[in-house]
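Summary of structural features
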Amino acid sequence: APPQNGGAAAPAMTLLTEQLATTPDHVPALVQRARLHRRDRELGPALADINHALRANKPKKSGIQQSTLYWWKAWIYYDLREFGNEVDAFRQAYELAQKDDRENLQQIAFDYASSLYRANDMKGAEAVYRGMLKADESDTGALAGLARVRIWCGEPREAVEMLTKC
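These lines cover the structure that appears in this document, whether it is placed above or below.

From N to C terminus, the protein chain includes 10 helices and zero strands. Taken from N to C terminus, the helices and strands of the protein chain fall in the order α-α-α-α-α-α-α-α-α-α. Along the three orthogonal principal directions, the C-alpha set of the protein chain runs to about 60 × 30 × 25 Å. Across the 166 residues of the protein chain, 43% fall into the buried class. Pairs at least 24 residues apart make up 41% of the contacts formed inside the protein chain by residues separated by at least 6 positions. Just so you have it, the protein chain exposes about 9200 Å², and 52% of that area is on carbon and sulfur atoms. Each charge class in the protein chain was averaged separately, 22 positive and 22 negative side chains, and the resulting centres sit 2 Å apart.

See the structure below:
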């Protein structure tokens, strides 16, 4: 089927769809098409492309880590407002990134902790933020996130102390 979105991305979507008709397991094309679908709020097709990429991915061949794919999947679930699935996908991205993407681990950890916060799992969010600070005590995102959790838990003084470190 032809792509549904129009505008400036239509030629890119057409090229990606044509490539995937020839090489349906081409993970970089699946990811790019999922990103375009997400941008255009076509979340069902975006999720389908990411799930296909997860099944087909061979990181050494594609150059794309599994943690990255789960990270994209989590953001699609966020857009869908499926917060339980979002947390699970960010958790998977976080666990995988500890092995396959140490370079982006702090960002993935921040997104995971934020998803736990949105799901009202303050204990989980606090644990991830504290783990981030253990890895990098100057991580202002982790400090601010932890302060937000402490405020929610009724500890504003502790939060103010943390924020003065930012």
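It is worth spelling out the nonpolar core at this point. Residues Val27, Val31, Ile50, Leu69, Tyr112, Val128 and Tyr129 are the most contacted members of the largest nonpolar core, which totals 50 residues. When near neighbours in sequence (up to four residues on either side) are disregarded, Tyr112 contacts Val87, Phe90, Arg91, Tyr94 and Val128.

Contact geometry for helix α5 (residues 66–80) and helix α7 (residues 105–118): axes closest at 12 Å, N-to-C directions at 30 degrees. With respect to each other, α5 and α7 are oriented roughly parallel. Pair α5 / α7 crosses with left-handed handedness. Listed contacts from α7 to Ser67, Trp71, Trp75 and Tyr78 of α5 are Ile108, Asp111 and Arg118.

For Tyr129, the location among the structural elements is in helix α8 (residues 122–135). Judged by relative accessible area, Tyr129 falls into the buried class, the value being 0%. Along the primary structure Tyr129 and Leu146 are separated by 17 residues, whereas in three dimensions their C-alpha atoms are 5.8 Å apart. Dropping the residues within four chain positions of it, Tyr129 is found in contact with Phe110, Ala113, Ser114, Gly141, Ala142, Gly145, Leu146, Arg148 and Val149. Here Ser114 takes part through its side chain, which lies 3.3 Å from a polar atom of the side chain of Tyr129.

In this section: helix α3 (residues 43–56). A rise of 1.5 Å per residue sets the reference length of α3, with its 14 residues, at 20 Å; its end C-alpha atoms lie 20 Å apart and thus fit the reference within 8%. Along α3, the residues classified as buried are Leu43, Ala46, Leu47, Asp49, Ile50, Ala53, Leu54 and Ala56. In this structure, the buried side of α3 is in contact with α2 (27–39) and α5.

Turning to unusual backbone geometry, a few remarks are in order. In terms of backbone geometry, most residues other than glycine have negative phi values and most peptide bonds are trans. The phi dihedral of Arg41 falls on the positive side, at around 65 degrees, and the residue is not glycine. With respect to the helices, strands and loops of the structure, Arg41 is situated in the loop between α2 and α3. Exposure remark for Arg41: the relative accessible area of 51% places this residue in the exposed category. Positive phi, normally seen in glycine, also occurs at Arg81, with a value near 65 degrees. Following the sequence through the fold, Arg81 ends up in the loop between α5 and α6 (83–100).

How each quantity is defined
- Residues numbered from 1 in each chain as written.
- Predicted model: local features only at pLDDT ≥ 70, side-chain atom pairs only at ≥ 80, totals over all residues.
- Heavy atoms only, no water.
- Helix = DSSP H or I, 4+ residues; strand = E, 2+ residues; numbered from the N terminus.
- Buried < 20%, exposed > 50% of the residue type's maximum accessible area, 1.4 Å probe, protein only.
- Contact = heavy atoms within 4.5 Å.
- Areas by Shrake-Rupley, 256 points an atom, 1.4 Å probe, with all protein chains shown as cover.
- Lys, Arg positive; Asp, Glu negative; His and termini not counted.
- Charge placed at Lys NZ, Arg CZ, Asp CG, Glu CD.
- Core = buried A, V, L, I, M, F, W, Y, C linked by side-chain atoms within 4.5 Å.
- Axes fitted to C-alpha atoms, helices over the stretch in contact; angles between N-to-C directions.
- Parallel < 35°, antiparallel > 145°, perpendicular 65-115°, else oblique.
- Left-handed = near helix turned anticlockwise from the far one by under 90°.
- Polar contact = N/O pair within 3.5 Å; in protein donor to acceptor, adjacent residues only side chain to side chain.
- Expected span 1.5 Å × (residues − 1).

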